[in-house]
Amino acid sequence: MSSPAEFDVLVLGAGPAGNCVALRLLMLGHSVALVESQAFPRPHVGESLSPGVWKLFQYMDAIPLLQNQTYIQGLGAKVIWEDHSMRDLRPEDRGPGVLVNRSKLDKDMLELGQKRGLKVWQPARAEGMEWKGNEWVVQVHQEGERHEVRARFVVDATGSNHPQDSQLMGLAPSMVAIWADLLLDPGFRENRVEARPEGWLWGSPLLGGRTRQMALTDPSALQQQPPAQVLAGMLRKSQLFRSTTLPAYAVQTTPVHIYAHTSPWKDNYVRIGTAVLSLDPLSATGVEKALRQAMQAAIAIHTVLIGGDGDMAQEYFEDRLVEAAVSHTGWGRNYYGIAWPGQEKTFYRDRAAYFSDSSAPSTPFSQLLQENLKSSYESPGPIPLEPVDINQALAELWGKSIGLSPQTLLLETPCVKDDRLVRRTVLSHPGLDRKFAFLGEIEVIPLIEKVSPAATLGELVQAWSKDIPFEMASKVAIWLWQKDILQETS
């Protein structure tokens, strides 16, 4: 064995999340190595990526990787969900999504990292990981050779390979996916989603002249019928898929778990992608969310590596995970709640209800996540911002004495500034879905600090107008009033 190889960060797994965190950390000036267990290109289905991935690839300076001529740009969608009518979502309405060849995209991202200085062991496996208090010592095995690798951080992007991991916390009832790859119907040129009483159907064209058609249903369905019969029955009764002729030999199944890991960050071991959070496939944003987690992890790790506060970095990363889990879980509950089969159908009733995993281990992160999940379920959600005539609103409110709502809190929280984390005062209110410090380009906290219970709203707007334009000061004041952050005082 050669002398130990030393890096700032060792990444495990070369999927989108692993490649993304490696590319960002390289751009931030750190030494990065990666271990991938499989040779590339590895088999992988085509995948329809949501429009938000374009901006994330821009951050990686990797836009050309999405512009491959073999990829399908701008897929639309046909959806049957709230009732029996079909909604036709055009690409220009939903944003520029792209259907990619994941096996090629993963390979291209990895090769881009290597061009930028990424050290890769592939195919290889990482074993015998040991935390020494200030660094990880990892044994990397490749082609009969063993390499000792030392790194200040290990980033686990190995994906959802351990569904029975005792450290996972369920976020929603599990499902089973049953699917088949078929010859492409010339009329099938978009993503399709349709609610059925037993579950829901999803379909998409794949590269290479095929289409994938999938049913997601309760696992108990497979206790009553073979997978091929379940899938064929759901497709046959549907509107968007019923012309399908299903060859039984093509049918495959896989369990679908929606979960969060209860220890996302411990001893500089950071989990990203589906190693830490698996979303309901109904959201269709799994890859985008994994890339965002990778970006957030890169910022947090970079902060520590340049001498920043490790506790602050962990707090930032875990808070972003909680936000993602809570927002996607709430969206899923709401969406299952409005599906046309209705709450008398067990599949939809169970997924529209509050879900609590009492068997999950108790950690500071799992407790924080459970508290936020429960709060989001019990609260009415963010107050909608209604259109308002500013001049009329000012005329009505100008002379009213105002003050801060007792529910308005000013908190210290980690925020990103110039690719690192700093602590910044933010505003929190139960009527908002997240903490914030800015409204557009306007920093709100200095304005809030000028609120006096003895002042009228007009006096407050005039005071703010010394720092920002009058029109903007008026808009901010009305917005804060609408959100109940500012209230009338007696």
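Now for a description of the structure that goes with this document. (Residues numbered from 1 in each chain as written. Predicted model: local features only at pLDDT ≥ 70, side-chain atom pairs only at ≥ 80, totals over all residues. Heavy atoms only, no water.)

### Some words on the overall build of the chain
If you tally the helices and strands in the chain, you get 13 helices and 27 strands. Radius of gyration (C-alpha) of the chain: 25 Å, near the 23 Å computed for a compact globule of 490 residues. By its C-alpha atoms, the chain is 75 × 65 × 45 Å across when sized along the principal axes. The long-range fraction of contacts in the chain, counting pairs at least 24 apart against all pairs at least 6 apart in sequence, stands at 69%. As displayed, the chain offers around 22900 Å² of accessible surface, 49% of which is attributable to carbon and sulfur atoms. Charge separation in the chain, taken as the distance between the mean sites of 47 positive and 56 negative side-chain charges, equals 4 Å. (Helix = DSSP H or I, 4+ residues; strand = E, 2+ residues; numbered from the N terminus. Rg over C-alpha atoms; globule rule 2.2 N^0.38 Å. Contact = heavy atoms within 4.5 Å. Areas by Shrake-Rupley, 256 points an atom, 1.4 Å probe, with all protein chains shown as cover. Lys, Arg positive; Asp, Glu negative; His and termini not counted. Charge placed at Lys NZ, Arg CZ, Asp CG, Glu CD.)

### Overview of the nonpolar core
Ranked by size, the top nonpolar core spans 94 residues in total, and within it Phe-57, Trp-81, Trp-200, Ile-272 and Leu-369 carry the most contacts. It is helix α6 (residues 286-305) that provides the largest number of residues to this core, a total of 12 residues. Judged by nonpolar contacts, the second largest core, of 27 residues, contains Leu-397, Val-451, Trp-464 and Ile-468. (Core = buried A, V, L, I, M, F, W, Y, C linked by side-chain atoms within 4.5 Å. Buried < 20%, exposed > 50% of the residue type's maximum accessible area, 1.4 Å probe, protein only.)

### As for the pattern of salt bridges
Here the structure, examined in full by the defined rule, presents 23 salt bridges. Between Lys-78 and Asp-88 there is a salt bridge, with its nearest N and O atoms 3.4 Å apart. Taken together, the residues span a long stretch of sequence, with Lys-78 in strand β5 (residues 77-80) and Asp-88 in strand β6 (residues 87-89) at a distance of 10 residues. The exposure class assigned to Lys-78 is buried, which follows from its relative accessible area of 17%. Notably, a salt bridge pairs Glu-323 with Arg-434, separated by 3.6 Å at the nearest N-O pair. Of this pair, Glu-323 sits in helix α7 (residues 310-337) while Arg-434 sits in the loop between β24 (420-428) and β25 (438-439), and the two are 111 residues apart along the sequence. (Salt bridge = Lys/Arg side-chain N within 4 Å of Asp/Glu carboxyl O.)

### Let's talk about empty space enclosed by the protein
Taken as a whole and judged by the stated rule, the model has three cavities of 30 Å³ or more. In this structure, the largest cavity spans a volume of roughly 140 Å³. Lining the largest cavity we find 17 residues, and of these Leu-171, Ala-172, His-328, Thr-329 and Gly-332 sit closest to its centre. Taken together, the elements giving at least two residues each to the lining of the largest cavity come down to β21 (277-278) and α7. In terms of residue count, α7 provides more of the lining of the largest cavity than any other element does, six residues in total. (1 Å grid on protein atoms, 1.4 Å probe; cavity = no way out; pocket = protein on both sides within 12 Å on 5 of 7 lines; lining within 4 Å. Points joined across faces, edges and corners; volume = space filled by probe spheres on them.)

### Observations concerning helix α4 (residues 102-115)
Helical geometry note: an α-helix holds 3.6 residues per turn, so side chains three or four residues apart project in the same direction. Taking 1.5 Å per residue as the helical rise, α4 with its 14 residues ought to reach 20 Å, and the 20 Å between its terminal C-alpha atoms agrees with that figure. Where α4 terminates, the next one or two residues include Gly-117, which has phi positive at roughly 110°. (Expected span 1.5 Å × (residues − 1).)

### Thoughts on the side chain of His-429
As for its placement among the helices and strands, His-429 is situated in the loop between β24 and β25. A polar atom in the side chain of His-429 sits 2.9 Å from the backbone nitrogen of Gly-431. Looking at His-429, its side chain comes within polar contact range of the main-chain oxygen of Asp-484, at 3.4 Å. Residue contacts for His-429: discarding those within four places in its chain leaves Ser-405, Gln-407, Thr-408, Lys-483, Asp-484 and Ile-485. (Polar contact = N/O pair within 3.5 Å; in protein donor to acceptor, adjacent residues only side chain to side chain.)

### Let's talk about unusual backbone geometry
If a residue is not glycine, its phi is most likely negative; likewise, a peptide bond is most likely trans. Cis rather than trans, the peptide bond between Phe-40 and Pro-41 has omega equal to -5°. The residue Pro-41 is located in the loop between β2 (32-35) and β3 (46-49) in this model. Here the residue pair Gln-122 and Pro-123 is connected by a cis peptide bond, since its omega of -15° sits within 30 degrees of zero. As for its placement among the helices and strands, Pro-123 is situated in the loop between β8 (119-121) and β9 (125-131). You will see that Asp-267, though not glycine, has its phi angle at about 50°, which is positive. Along the chain, Asp-267 falls in the loop between β19 (265-266) and β20 (269-271).

### Thoughts on the packing of helix α1 (residues 16-27) against α4
Put simply, α1 and α4 touch, their axes get as near as 9 Å, and they point 20° apart. Comparing their axes, α4 and α1 come out roughly parallel. Here α1 and α4 pass one another in a crossing that is left-handed. Facing Pro-16, Asn-19, Cys-20, Leu-23 and Leu-26 of α1, the residues of α4 in contact are Arg-102, Asp-106, Met-109, Leu-110, Leu-112 and Gly-113. (Axes fitted to C-alpha atoms, helices over the stretch in contact; angles between N-to-C directions. Parallel < 35°, antiparallel > 145°, perpendicular 65-115°, else oblique. Left-handed = near helix turned anticlockwise from the far one by under 90°.)

### Brief notes about the sheet that holds strand β17 (residues 252-256)
Spatial strand order, β6-β5-β14-β15-β16-β13-β17: seven strands in an open sheet with mixed pairing. Taken across any chain shown, the strands that pair with only one partner, and hence form the sheet edges, are β6 and β17. The sheet shows a mean angle of 20° between the axes of neighbouring strands, taken without regard to direction. The pairing of β5 with strand β14 (residues 191-196) spans four bridges and is classified as parallel. When the sheet's bridge partners are listed, Ala-77 is paired in β14 with Asn-191. Its contacts with the sheet put helix α5 (residues 227-236) on β13 (175-183), β14, β15 (199-206), β16 (210-217) and β17, and the angle it makes with β16 is roughly 100°. (Pairing = 2+ DSSP bridges.)

### Section: the pairing of β16
Where burial is concerned, most of β16 is hidden: seven out of the eight residues are buried. Across eight bridges, β13 lies against β16 in antiparallel orientation. The residue bridging Val-176 from the neighbouring strand is Thr-217, located in β16. Sheet analysis places β15 next to β16, joined by eight bridges and oriented antiparallel. Bridge pairing links Leu-206 to Arg-210 in β16.

### Let's talk about the environment of Gly-117
Secondary-structure assignment places Gly-117 in the loop between α4 and β8. With 85 residues separating them in the primary sequence, Gly-117 and Val-32 have C-alpha atoms 7.8 Å apart. Setting aside chain neighbours within four positions, we find Gly-117 in contact with Leu-26 and Val-32.

### Let's talk about the pairing of strand β23 (residues 409-417)
Working note: regular strand, side chains alternate between the two faces of the sheet. Sheet topology note: the β23/β24 ladder contains nine bridges and is antiparallel. Opposite Lys-417, over in β24, you have Arg-420 as the bridge partner.

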